[in-house]
Amino acid sequence: MVPPTGFTAQLTVFSAAAMAFLAVFALALSLAAGRLADRWTSELARSATVRISAPQGQIEAQTRAALGVLQTTPGIASVRVLDKDEQQALLTPWIGQGLPLDVLPLPQLIEVVGDETGYDSEGLRQRLAAEAPGARLDDHARWREPLVRAAGRLRDLGLLSILLITLTTAAMIVLAAHAALAANAQVIRVLRLIGAQDSFIVHAFVRRFTARAVAGATLGTGLGMLAVLLLPDAPETAGGLAAGIGFRGWGWLWPLAVPLLAGFVAFWATRLAALRSLKELS
Amino acid sequence: MIGLENVSYGYGDGELLSGITLDLSPGSFHFLTGPSGSGKTTFLKLCYMELVPTAGHVRAFGRDVREMDRDDIARARRRIGIVHQDCQFLDHLSIAENIALPLAVGGRAGPDDAENLDALLGWVGLGNRAGALPPELSGGERQRAALARAVIMSPDVILADEPTGNVDWEMSKRLLSLLAELNRMGKAILVATHDLNLIRAAKTKVNARVLRISDRRLQLAGADL
Ligand SMILES: Nc1ncnc2c1ncn2[C@@H]1O[C@H](COP(=O)(O)OP(=O)(O)O)[C@@H](O)[C@H]1O
Ligand SMILES: [Mg+2]
C-alpha cells in the first residue's frame, strides 16, 4: 500500500541493530554486576574472622571462651582456630619471610563461616565482649559494603542504560514514522478518499516499522551475543567484574528479549505517531 | 442519499457557494456546469465530505456530516465512487492493483476478485493494460481506470469531476455511455463538466438534469443547451 523507501528503511534497520547491540552489552554488564553484588553479599557475609589480642597468658583461655560462644551461636556453620603456620602464611606477603614470628605477640585468629541463614553479627559481638574481652569480630562489613554498593550501582546503571536505549529507539522510530507519514501524505490522502479508515493506514505503517525494528534488533542482538561470547576469558579472581561480563546458563535467554522489546516499542511508537499525524493531516 | 440543504461554503474570504440545496436520489443523473473557478470541484468535495459546509447541512446516507467522525466518513465514502479530476492513483501500484484498492481498503477483498477485476478492466477497455503503472497510461486510459476504481465497490453514488477533461471526443462518448449504463443500474450520478457537447450528447442517452453554478448559486439550466 505504502511505497517502499529504500534508504530510510535501511537507516531504521541499522539504528535498531545498533541499539540492540548496545542493549545486549548493557544487559551483560547489569547481569554481571548483579552477580558480583550477590556474591559479595552472600559469600563475604558468611565468612568472618575473630581476632583475639590479649596478654600472652590469657590468649588460650580467651580463645576457648570465644570458641564456646561461637559454637553456640545459631547461623554459624563452622569455626576453626588458625594454627601458627597458617597465620604465618597469611602474614608473609606483608612482612616478608624470615621474621621470627614466634617471638612476636601475634593475635590468635579464628575463622568463622556462617551457614545459609547467617548469624546476627551485633549480638555475636556483644556476647564475645562479655565472654572474651580480647576478641574482636571482623565480618568484613567495612570493606564489603562499599563494594556491594558499587556493584549494585553498576547494575542499576546498566538497567538505566537499557531504559535509555529503549526510549531512544522509541524516539528514533517516532521520527522515522513521522518522516514516512509526511513523505506519503499523498498516498494517505488517496487511501482516505477511497474509504480507508485510520486503523487501516496505521496498520500499514505499523507493520512495516515493527518488521524493520525486529529485523534490525535481531541482527544487532545476534552480533552483540557473539561479541559477548568472544570476550577473552580472564581468570575470575583477577578480573572481578571484567571477568564476570557475559551470560551464564539460562542467562543467555535474556538477550533474546531484546528483539521482542524492539518490536513492542516499534509497534506502539509507530501506532501513536501515525494516529497523531493522521489527525493533523486531514 | 446525499443531500445538501441550504449549503454555503467559502475558503476564507467571502462565500464561493451559497444557499445550495440539492438531493442526489437513486437513479438520478445530474450534470454540474459553470465556468472554471466557479466552484464545481468544491461542490463535489462537499458531497464526498472532504469539506464541511460553513453554513447549512450536508447529509450522507441520512447522517449529518458534522456529526460524523473520521471512520464514519471513511465508511460512507465506500458507498460513493469518485472520479477525481486528476485521478489520484498510487503511482507505485499497477493499474489493476489501483482499481482493486478500495476492496482491500474496505476489507472486502474476496476470492472472486480476480474474475470481477478482469471483467471490470474489460468493461473500461483496459484488459491489456492491467499491469501498467498509472504514469504509463494516456490521459484517457487513466480516466477510464479511475472510473473502474470508482465503481468496483458497487457504490450507490458516483461523482465524476471533469471525467472527460483530457480525453478526445470518441473517448468522451465512451465514458459517457459507461456512466449511462451505471445510471440505468440505479446509481445516482453527478458529473461536473464544462463540456457542453458532452451534455448535449448525454441527453439522447439518459434523462439528465443540468445544474449551473452562477453567481455562487445553483440554477437549473434551461432547455437552451
Ligand atoms: N484549497 C483551496 N483554498 C483556497 N481557495 C481554493 C481552494 N480550492 C479552490 N479554491 C478556489 O475556489 C475557487 C473554485 O475552485 P474550484 O472549486 O476548483 O472550481 P472549478 O472546479 O469550478 O474550476 C477557485 O477560485 C479556487 O481558486
Ligand atoms: Mg474543478
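Data block above holds the structure.
A. Here's a closer look at the interface of chain A and chain B. Taken together, the contact between chain A and chain B spans 20 residues of the former and 19 residues of the latter. Counting the surface lost from both chain A and chain B, the interface buries some 1,900 Å², and carbon and sulfur atoms represent 54% of this. Among the residues of chain A in contact with chain B, Leu193(A), Ile194(A) and Gln197(A) are the three that bury the most area, contributing 36% of the side total. Our count for the contact surface shared by chain A and chain B stands at two salt bridges.

B. Just the coordination of the magnesium ion (ligand 2), in detail. Residues and elements named next belong to chain B. In the first shell of the magnesium ion (ligand 2), the protein supplies Thr41 (OG1) and Gln85 (OE1), at 2.0 to 2.7 Å from the metal. With Thr41 in helix H1 (residues 40-47) and Gln85 in the loop between strand S6 (80-83) and helix H3 (95-105), this residue pair connects regions lying 44 residues apart in the sequence. On the accessibility criterion, Thr41 (28% relative accessible area) is partly exposed. What makes Gln85 partly exposed here is its relative accessible area of 42%.

C. How the structure looks around the sheet that holds strand S5 (residues 63-64) of chain B. One open sheet holds the four strands; their spatial order is S2-S1-S4-S5 (chain B), and the pairing between them is antiparallel. This sheet does not close on itself; its edge strands, each paired only once, are strand S2 (17-24) and S5 of chain B.

D. Fine view of the site of ligand 1. Residue and element names in this part refer to chain B. Neighbouring ligand 1 are the residues Tyr11, Leu16, Pro35, Ser36, Gly37, Ser38, Gly39, Lys40, Thr41 and Thr42. One of the backbone N or O atoms of Gly37 is found 2.7 Å from an oxygen atom in ligand 1. Take Thr41: an N or O atom from its side chain is 2.7 Å from an oxygen atom of ligand 1. Protein contacts shield 55% of the accessible area of ligand 1, which totals 560 Å² for the unbound molecule. Grouping the constituent residues of the shell around ligand 1 by class yields three nonpolar, six polar and one charged.

E. Layout of the nonpolar core. Residues and elements named next belong to chain B. Residues Phe29, Phe31, Ile99, Leu147 and Leu179 are the most contacted members of the largest nonpolar core, which totals 43 residues. Put simply, the parts of the chain that give this core at least two residues each are strand S3 (29-33), H3, helix H4 (113-123), helix H5 (139-151), strand S7 (157-161), helix H6 (169-184), strand S8 (188-192) and helix H7 (196-203). In terms of domain composition, this core takes at least three residues from each of domain 1 (1-79 + 155-225) and domain 2 (87-154). In this structure, Phe29 is in contact with Leu179, Ala180, Asn183, Ile189, Val191, Val206, Asn207, Ala208 and Arg209, ignoring residues within four places of it in sequence. If you look at the next biggest cluster of nonpolar residues, it comprises 33 residues, including Leu22, Leu46, Cys47 and Ala76.

The rules behind each value
Residues numbered from 1 in each chain as written. Chains lettered and ligands numbered in written order. Predicted model: local features only at pLDDT ≥ 70, side-chain atom pairs only at ≥ 80, totals over all residues. Heavy atoms only, no water. Contact = heavy atoms within 4.5 Å. Buried area = accessible area lost by both parts, 1.4 Å probe. Salt bridge = Lys/Arg side-chain N within 4 Å of Asp/Glu carboxyl O. Donors = N, O, S within 2.8 Å, 3.2 Å for Na, K, Ca; no water. Helix = DSSP H or I, 4+ residues; strand = E, 2+ residues; numbered from the N terminus. Buried < 20%, exposed > 50% of the residue type's maximum accessible area, 1.4 Å probe, protein only. Pairing = 2+ DSSP bridges. Near = heavy atom within 4 Å. Polar contact = N/O pair within 3.5 Å; in protein donor to acceptor, adjacent residues only side chain to side chain. Areas by Shrake-Rupley, 256 points an atom, 1.4 Å probe, with all protein chains shown as cover. Nonpolar A, V, L, I, M, F, W, Y, C, P; charged D, E, K, R; others polar. Core = buried A, V, L, I, M, F, W, Y, C linked by side-chain atoms within 4.5 Å. Domains from an automatic or database assignment.

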